[in-house]
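In case you want the letters, here they are:
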Amino acid sequence: MHFDNTYGLLDDKLYHRQSVQSLEHVLPGHFNQVLAQQLQWTAEEQNDWVNIINGTHLPKEADPLAMVYAGHQFGQWAGQLGDGRGLLLGQVLDQAQNRVDLHLKGAGLTPYSRMGDGRAVLRSVIREYLAGHALNQLQIPSSNAVGFVYSHDLKIRREQLEPAAMMLRTSDCHVRLGHFEWINQYQPQLLKEFTEYCLKNYYPDCLKADQPILAFAKHVIDRTAYMIAQWQLVGFAHGVMNTDNLNITGSTLDFGPYGFMERFRPNWINNHSDDRGRYTYQNQPSIAHWNLWMWLNNLIPLADSTEKEQFKNDLVTALEAYEPAFLNYYTAGLCKKMGLPLEDERSFDCGIAFLRILQTEQLDYTSSFRHLTTHDYTEIRDNCLDIRAFDEFLALYHAIRATQSAEILDLDMQQHNPIYILRNHMAQRAIELAEQDDLSEVDRLFKLLTHPFSKQPDLERPQDLAPLPSDQPEVMVSCSS
Ligand code: AMP
Ligand code: MG
């Protein structure tokens, strides 16, 4: 590993140096060797991954620290938060010389643990490990993980007692929108230095702009719009889009009660702790807008007093670009999923007509798009009650497609419609086996999700392709992790 730590050079009010509290009698969970190689782990480091992730054999350049940040949780100001159970071990250079954060989740108490125990349970670690991998393989900006370890020696109380685990997460950035909220609330004199750090490290091109901070804001808005569009397209619901769980580079962070949607229900709440439905699938684009608005407020003090009003107006205008940016990314992606030409103005409506059918008929989102990809229209039609609506859609669909070469459109569809997503019941089965020291299902899902667009008959189980039958209880997912 080639460490190149920058965060620990910032003012020490922004973090607390803290050592890892390792697990006793640790067991290997899973290791992402391809990622470790991308991160330039030596053969020796790869062989020693269990001890590295358990924190008993950290490289000497590691400089573990807990970051402090704040946030709005479920729409309410939550005050100071921070890494309550994770530590930034440092930043390493990958093969492409990009700086990547190594963050150890479940590493013990920190000054920011509040009422928590500083730990993560095996269940939530497996969910985050597999989902991060799944999103990365779907080309959606996201954190990932090098691997995880666990132990039966330490049982953690959630709804029940569960084994503790530690996961080594990677992300291009752990600076959350909530970092700016914390600084403005508690240490406003650090705002300038911190913002400069963010520009230098994450948006160096903005430093060349006429108005670097405005350019920075525009980029964050655009990247967030892109990420949310990709979530919507694949049917991913994050579950806890608090301002402390979104970062400034628009890559998915902090998987908790997330879910990949099965039957198409836009008002679906995967998170059973979200009783008001703030973070439903269909609310994600507008919640991101709300979060960005909260965040932009924190940039205002950076303007000179004479230019403050103008700067506020500029930020408002910048945020107005969020919705069209989201719609552009979403429309482009929907056309690719549908196999329809973007330049045909009927394509978007045709895509929406298809979604309306999925919603009315409560069809599985992923497999329906896949049937469209393989032209198995009867597979969808046979499951429709309103056949007339489907036939009307199909006639328009064929008419639009007839204007273009099917080959190119079909290739787009194959590359944008996964066969495999991480359904809750798939993760759940892997968790139940892992809790009994059988990691084979974690490994199988890891491999399956490595190639989500390719049929893998030797690896797949029929259950991977459909929701659980409606007479079986849904897997419950809550904030507890
Ligand atoms: P989350 O909603 O999981 O992103 O967590 C919100 C805040 O609670 C963050 O500051 C976490 O670090 C903290 N937190 C969550 N779980 C724990 C835990 N078991 N121990 C300490 N802090 C925690
Ligand atoms: Mg969080």
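Residues numbered from 1 in each chain as written. Chains lettered and ligands numbered in written order. Predicted model: local features only at pLDDT ≥ 70, side-chain atom pairs only at ≥ 80, totals over all residues. Heavy atoms only, no water.

If you look the protein up in an unreviewed UniProt entry, it shows as Protein nucleotidyltransferase YdiU from Acinetobacter populi. Looking at the protein in UniProt, the text filed under Function (unreviewed entry) is "Nucleotidyltransferase involved in the post-translational modification of proteins. It can catalyze the addition of adenosine monophosphate (AMP) or uridine monophosphate (UMP) to a protein, resulting in modifications known as AMPylation and UMPylation." Quoted verbatim from the Sequence similarities (unreviewed entry) field of the UniProt record, the comment on the protein reads "Belongs to the SELO family." (UniProt positions renumbered as here; feature names shortened; annotations may be inferred.)

Enquirer: Teacher, can you tell me more about the side chain of glutamine 18 here?
Expert: Summarising the element assignment, glutamine 18 is placed in the loop between strand 1 (15-17) and strand 2 (27-31). When residues no more than four places from it in sequence are discounted, the contact partners of glutamine 18 are Pro64, Leu65, Leu87, Leu109, Thr110 and Pro111. (Helix = DSSP H or I, 4+ residues; strand = E, 2+ residues; numbered from the N terminus. Contact = heavy atoms within 4.5 Å.)

Enquirer: Got a minute to help me understand the pairing of strand 9 (residues 144-157) in this structure?
Expert: Within a regular strand, side chains alternate between the sheet's two faces. Here four bridges tie strand 2 to strand 9, and the two strands are oriented antiparallel to one another. Pairing of proline 28 across the sheet is with valine 149, part of strand 9. For strand 9 and strand 10 (residues 161-171), the ladder comprises 10 bridges, and the chain directions are antiparallel. In the strand pairing of strand 10, lysine 155 is matched with proline 163. The antiparallel pairing of strand 9 with strand 10 creates a hairpin that spans three residues between the two strands. (Pairing = 2+ DSSP bridges.)

Enquirer: Could you clarify how one ought to interpret the coordination of the magnesium ion (ligand 2) in this entry?
Expert: Each pair of donors in an ideal four-coordinate tetrahedral metal site encloses 109.5 degrees, whereas pairs in an ideal six-coordinate octahedral site enclose 90 or 180 degrees. For the magnesium ion (ligand 2), the protein coordination sphere consists of Asn245 (OD1) and Asp254 (OD), at 1.9 to 2.1 Å. Its relative accessible area of 8% is what places asparagine 245 among the buried residues. (Donors = N, O, S within 2.8 Å, 3.2 Å for Na, K, Ca; no water. Buried < 20%, exposed > 50% of the residue type's maximum accessible area, 1.4 Å probe, protein only.)

Enquirer: Got a minute to help me understand the domain arrangement of the protein in this structure?
Expert: It is common to report an interface's size as the accessible area lost on association of the parts. The domain boundaries assigned to the protein delineate domain 1 (7-175) and domain 2 (330-416). With centres defined by C-alpha atoms, the gap from domain 1 to domain 2 works out at 40 Å. (Domains from an automatic or database assignment.)

Enquirer: Whenever I open this one, the UniProt feature "active site" (unreviewed entry) in the protein confuses me. Can you help?
Expert: Sequence positions flagged by UniProt for "active site" (unreviewed entry) are, in local numbering, Asp244. Position of aspartate 244 relative to the elements: it lies in the loop between strand 11 (236-237) and strand 12 (259-260).

Enquirer: Can you help me understand the packing of aromatic side chains in this one?
Expert: Taken as a whole and judged by the stated rule, the model has 32 aromatic pairs. Summarising the aromatic geometry, the rings of phenylalanine 264 and tyrosine 365 are spaced 5.4 Å apart at their centres and angled 20° between planes, so their arrangement reads as stacked. Taken together, the positions of phenylalanine 264 in the loop between strand 12 and helix 8 (284-297) and tyrosine 365 in helix 12 (residues 365-373) put the pair 101 residues apart, joining distant regions of the chain. Tyrosine 365 shares its class with phenylalanine 264; the two are buried. Judged by centre distance (5.1 Å) and plane angle (65°), the ring pair of tyrosine 365 and phenylalanine 369 falls under edge-to-face. Of the two residues, tyrosine 365 and phenylalanine 369 are both situated in helix 12; the distance of four residues between them amounts to about one turn of the helix. (Phe/Tyr/Trp six-rings, centres within 6.5 Å; stacked < 30°, edge-to-face > 60°.)

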